[in-house]
Amino acid sequence: MHSLFPKETCLPPKILYQKGCLAELAKETAPFGPRGIIVHGASFEKKGLKETLVESFRSSKLAPEFFCRAQGEPTLEEIERVIRKGREVRANWIVGIGGGSVLDLAKAAAGLFHAKEQPAYYQEGGELREKGIPFIAVPTTAGSGSEATSNAVIINPEKKVKLSIRHQDFLARKVLLDVELLQGLPFSVMCQSGMDAWVQAYESFISKYATWFSENFALKAIQLINRHLIPALTNGREEDLNGLLLGSFFSGIAFSHSRLGVIHGIAHPLGVLYGVPHGLICSVCFAPSIKLNLPVIRQKYEVMSQTVGMDLLKRVTGVLAELKISSPFKGKAILEKEMILRETLKSGSTAANPKPVTPEDVLFLLDEIF
Ligand SMILES: [Fe+2]
């Protein structure tokens, strides 16, 4: 039976959606205690945001520590480093200001702050008994939707796997949605993260766990991203950046209540094996997933086509062509095919795909993108 409402909702208790609201960060962290860590990426310093923040914390008589993370996706070892730094300063909270990788790292470090075991234990499904410290999310890309979810995607380089660490308490206590932070993003970052958000909304909308609640957030995300992605990339107008920022956030709310689909199932092993950005993999799997699922999603396909104003598959291939996104795998050999099959088929995302996914389906996807 199609359900109206999820069995359990999981929404950040406070969301600030206002241009310039980064300036409120010191005030918003204060109720959680005086000491904290701000996790960020390299572009944060280049944009001069660090000085602005230091100044605003100083006027609140607070001095947070900063943790600048390297490029790439977060690893288990990196979580341990943030926790170690946080424990040294007896942090009361952790803020993540950045894209999905920064938010996931800060979220996992805050959630596992008092954990007795190593992060790998929880990634393998170990039960977390200790409460962490508050996590505050400030996305600077649109986006992974990580600001709306209670899981962090983390790489275990030794085992060559990329898996979520998930706990309801990981959810951000506060989210600051500030459109100013999206200004000046590199083209490739905005393009790939925007496509990731679109794919997430699509997978959520067709997920077999979708409800009226998640579908409405997913469909609004599809509408916003479809309307604003290309204009945001070409002219950077605030109205379009705002559309993307909200589209990404809604996509996160949607999929955190419905899970995803086979694109996210296959994107994780491919990301680890080839070191290709997550958003790029999702982009090139978009059309193949539509072809795979179409026989079982006809009605929803019509709704999505109406939402984007034309046949969805044509729209997706048109947008990818306009953004000059092509498969980075074309012409390459498929490495570790057995491992890709195994990881894709056992993924929780794949389990939510509306068409039950067979090994042949995974091979079809690989064939489409290689
Ligand atoms: Fe994604």
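What you see is a predicted model; the values in this text were computed from it and never measured.

Once that is clear, we can look at the nonpolar core. Ranked by size, the top nonpolar core spans 101 residues in total, and within it Ile79, Ile94 and Leu270 carry the most contacts. Each of domain 1 (14–181) and domain 2 (185–369) contributes no fewer than three residues to this core. Grouped together as the second largest cluster of nonpolar side chains are 20 residues, Leu22, Phe44, Leu62 and Trp93 included.

With that settled, consider the packing of helix α4 (residues 76–88) against helix α5 (residues 100–111). At a closest axis distance of 9 Å, the pairing of α4 and α5 adopts a crossing angle of 60°. Classified by the angle their axes make, α4 and α5 are oblique. Of the two elements, α4 crosses α5, and the hand of that crossing is right-handed. Here Glu78, Ile79, Val82 and Ile83 of α4 lie close against α5, whose contacting residues are Leu105, Ala108 and Ala109. Its residues placed into classes, the contact of α4 with α5 shows six nonpolar, no polar and one charged.

As enumerated under the stated definition, the model contains 12 aromatic pairs in all. Members of the aromatic cluster, each reached through a chain of ring pairs, are Phe5, Phe213, Phe217, Phe249 and Phe250. Note that arginine 87 overlies the ring of phenylalanine 113, its terminal NZ or CZ placed 5.9 Å from the centroid. Above the plane of the ring of phenylalanine 205 lies lysine 300, whose end atom (NZ or CZ) is 5.3 Å from the centre.

The sheet built from six strands is open, its strands ordered β1-β8-β5-β4-β2-β3 with parallel pairing. Of all strands in the sheet, those bounded by a partner on one side alone are β1 (14–17) and β3 (65–68). Mean inter-strand twist for the sheet, computed between neighbouring axes without regard to direction, equals 15°. Examined bridge by bridge, strand β4 (residues 93–98) and strand β5 (residues 135–139) share five bridges and lie parallel to one another. Residue pairing in the sheet places isoleucine 94 in a bridge with phenylalanine 135 of β5.

Before going further, it helps to examine the environment of tyrosine 122. Mapped onto the fold, tyrosine 122 is located in helix α6 (residues 119–123). Using a relative accessible area of 7% as the deciding quantity, one classes tyrosine 122 as buried. Residues tyrosine 122 and arginine 166 lie 44 residues apart in sequence; the distance between their C-alpha atoms is 8.2 Å.

One pass over the structure, following the stated rule, counts 21 salt bridges. Between glutamate 28 and lysine 174 there is a salt bridge; the shortest N-O distance is 2.8 Å. Of this pair, glutamate 28 sits in helix α1 (residues 25–29) while lysine 174 sits in strand β8 (residues 174–177), placing them 146 residues apart in sequence. On the basis of relative accessibility, which here comes to 9%, the residue lysine 174 falls in the buried class. The shortest N-O distance in the salt bridge between glutamate 77 and arginine 81 comes to 3.3 Å. One end of the pair is glutamate 77 and the other is arginine 81, both in helix α4 and four residues apart, which spans about a single turn.

Once that is clear, we can look at the domain arrangement of the protein chain. Under the domain assignment used here, the protein chain contains domain 1 (14–181) and domain 2 (185–369). Measuring from the centre of the C-alpha atoms in domain 1 to the corresponding centre in domain 2 gives 25 Å. Tallying the contact residues gives 22 residues for domain 1 and 27 residues for domain 2. It is Ala142, Lys162 and Val179 in domain 1 that bury the most area against domain 2; as a group they hold 27% of the surface buried on that side. Connecting domain 1 to domain 2 are two salt bridges.

Reading the values: the criteria
- Residues numbered from 1 in each chain as written.
- Predicted model: local features only at pLDDT ≥ 70, side-chain atom pairs only at ≥ 80, totals over all residues.
- Heavy atoms only, no water.
- Core = buried A, V, L, I, M, F, W, Y, C linked by side-chain atoms within 4.5 Å.
- Buried < 20%, exposed > 50% of the residue type's maximum accessible area, 1.4 Å probe, protein only.
- Domains from an automatic or database assignment.
- Axes fitted to C-alpha atoms, helices over the stretch in contact; angles between N-to-C directions.
- Helix = DSSP H or I, 4+ residues; strand = E, 2+ residues; numbered from the N terminus.
- Parallel < 35°, antiparallel > 145°, perpendicular 65-115°, else oblique.
- Left-handed = near helix turned anticlockwise from the far one by under 90°.
- Contact = heavy atoms within 4.5 Å.
- Nonpolar A, V, L, I, M, F, W, Y, C, P; charged D, E, K, R; others polar.
- Phe/Tyr/Trp six-rings, centres within 6.5 Å; stacked < 30°, edge-to-face > 60°.
- Lys NZ or Arg CZ within 6 Å of the ring centre and 35° of its normal.
- Pairing = 2+ DSSP bridges.
- Salt bridge = Lys/Arg side-chain N within 4 Å of Asp/Glu carboxyl O.
- Buried area = accessible area lost by both parts, 1.4 Å probe.

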